[in-house]
Amino acid sequence: MPDRKKVAFLACKHNLTTSPDRWPDAFEHDVELEAFSPAFAAAGMDLVEVDWEQVDPSAAGFDLYFVRTTWNYKEVPDAFTSFLNRAAECAPVANDPRTILWNMNKRYLGELESHGLSVIPSAFVDKPGTSIDDLRHALGAQEIVLKPLYGGGGFDMRRIGADEPGDDSVADTHFAQPFVTGILDQGELSFVFVEEDFSHALRKRPADGNYLIHTHHGGTDEAYHPSLVEIDACRSFLDVMPVPGLATRIDVVPHQGKLLLMELEAIEAHLFPAYNPRLGDMLAAACRRLLG
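Moving on, we come to the nonpolar core. Grouped together as the largest cluster of nonpolar side chains are 24 residues, with contacts concentrated most on Leu112, Phe191, Ile250, Val252, Leu261 and Leu264. Of all the secondary-structure elements, those providing two or more residues to this core are α5 (108-114), β9 (188-194), α8 (228-235), β12 (247-255) and β13 (258-265). Ranked by size, the runner-up nonpolar core spans 22 residues in total, among them Leu64, Phe66, Val194 and Leu283.

It is worth spelling out unusual backbone geometry at this point. Geometrically, the link from alanine 94 to asparagine 95 is a cis peptide bond, its omega value of 0° lying close to zero. Mapped onto the elements of the fold, asparagine 95 is located in the loop between β4 (93-94) and α4 (97-104). Phi at glutamate 195 takes a positive value of approximately 55°, unusual for a residue other than glycine. Despite not being glycine, phenylalanine 272 shows a phi value in the positive range, around 50°. Tracing the backbone through its elements, the reader meets phenylalanine 272 in the loop between β13 and α9 (279-291).

In this section: the pairing of strand β6 (residues 144-148). For β6, the tally of buried residues reaches five of five residues, placing the bulk of the element in the interior. Alternating residues of β6 divide into Ile144, Leu146 and Pro148 and Val145 and Lys147, and every residue in both groups is buried. Bridge count for β6 against strand β7 (residues 158-160) is three bridges, and the pairing is antiparallel. Considered in β7, the bridge of leucine 146 is made with arginine 158.

Looking now at the side chain of serine 19. Checked against the element boundaries, serine 19 lands in the loop between β1 (5-11) and α1 (27-42). For serine 19, the side chain forms a polar contact with the main-chain nitrogen of aspartate 21, separated by 3.1 Å. Setting aside residues up to four positions removed in sequence, serine 19 forms contacts with Lys13 and His14.

Right, let's talk about the sheet that holds strand β5 (residues 123-124) for a bit. Pairing is antiparallel across the open sheet formed by four strands, whose spatial order is β5-β8-β6-β7. Sheet topology places β5 and β7 at the edges, where each strand pairs with a single neighbour. Alignment of β5 against strand β8 (residues 174-178), held across two bridges, turns out to be antiparallel. Within the sheet, the bridge partner assigned to phenylalanine 124 lies in β8 and is phenylalanine 175. Where helix α6 (residues 132-139) meets the sheet, it contacts β5, β6, β7 and β8, and its direction lies at approximately 110° from that of β6.

The rules behind these values
- Position numbers for residues count from 1 along each chain, tracking the sequence in the order it is written.
- Two thresholds apply to this predicted model, a pLDDT of at least 70 for residue-level local features and 80 or more for giving and counting side-chain atom pairs, whereas whole-chain, interface and lining totals are computed over all residues.
- Note that the side-chain values use all heavy atoms of the structure and ignore hydrogens as well as water.
- The set of buried Ala, Val, Leu, Ile, Met, Phe, Trp, Tyr and Cys residues whose side-chain atoms join them within 4.5 Å is what this entry labels a nonpolar core.
- Note on exposure labels: buried denotes an accessible area under 20% of the residue type's maximum, exposed denotes more than 50%, and partly exposed covers the range between, all computed with a 1.4 Å probe on protein chains only.
- In this description a helix means any DSSP run of H or I spanning at least four residues, a strand means any run of E spanning at least two, and both kinds are numbered starting from the N terminus.
- A pair of strands is labelled paired if DSSP reports no fewer than 2 bridges between them.
- Identification of polar contacts relies on pairs of N or O atoms within 3.5 Å, with a donor-acceptor requirement for protein atoms, meaning one able to donate a hydrogen and the other able to accept it, and with residues adjacent in sequence counted only if both atoms are side-chain atoms.
- In this description, contact between two residues means that some pair of their heavy atoms is separated by no more than 4.5 Å.
- Fitted lines through C-alpha atoms give the axes, limited to the stretch in contact for helices. The angle between two N-to-C directions lies from 0 to 180 degrees.

Here it is, written out as C-alpha cells:
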C-alpha cells in the first residue's frame, strides 16, 4: 500500500458534523462523507472534513483538496477564489480552480449556448435599466425565471408569469431564462460523472405547487435509468470545461424530445451516492490518479 495521503473534504462551517449551527440540508454532507470515507481509506487516503474558511493551506499538510459542501462560497465569492488559489499552490484541488471559477458565474451558460449545445437560453443584464420585458423580448418568452449569477439551491429565484407586469428593472446580479414546463411533469434529470465515466442518474421532482426540485423546497428524487444516447448527450457538456472535472453533475430538463441543460455543476453539487454504491471507489481511484 502506498504512503497514506491526507485529503481535505472541504465543507462550510454550517455543514460540519461538529457544527452547532447546522443547515437543514447538511445531511447531504453526512451522506457523502459516510459513503466515500471507506473507499478512500481502502485506497490509502484519509478524508478529513474541514471548514474551508478556517484551514490554512500553507500549514495544513493536505495532499489534496476535494471541494464538496462549501455551500456558503456564494456569499463570499472573492474570499473563496483567494482560498482556491492559495490551496492550489500547496496541493492539487478537485475540481481544478480554473473550472470552479468558470462555473461560479452563470454566464458560462451563455458560452455553452454559443457552442451550439442544447442549453436553456439565457438573457443577461448588460446595461442599467434592463427591464423584465427587455429580458422577455431577448428570450422570446413571456413566462421567465430570474436567477442569481452567483447562487444555487433554488434560492433568490423568481418565477414571473406571463400576466405579470414587466416594467421593473433587473439588477445585473441576475439573469433570466424561459420557464421550461417540463420541470413540472417530468422533473429534472441529474447525471453524475467521475472524470468522463458515467456513474448514475436520478430524477428530481418538485413538490406539488412548486417548481423547485431541491429537498429543502420539498422536492423528491428517484433512480433514473438513462439510455446510452442520453448519457452521451450529457457527457458532451464535459468537453467544454476549462479543465476536465474529477466529479461533475449535469442537470437537464426534458423538452420537446431533447435534454436541455439547466446547470453544469462542477463545484459542490450533491452527488447522491445512494444511487451508486461504487461511487466512492470511482472517486477514490480518480483522486489516486490525480495524486500520481
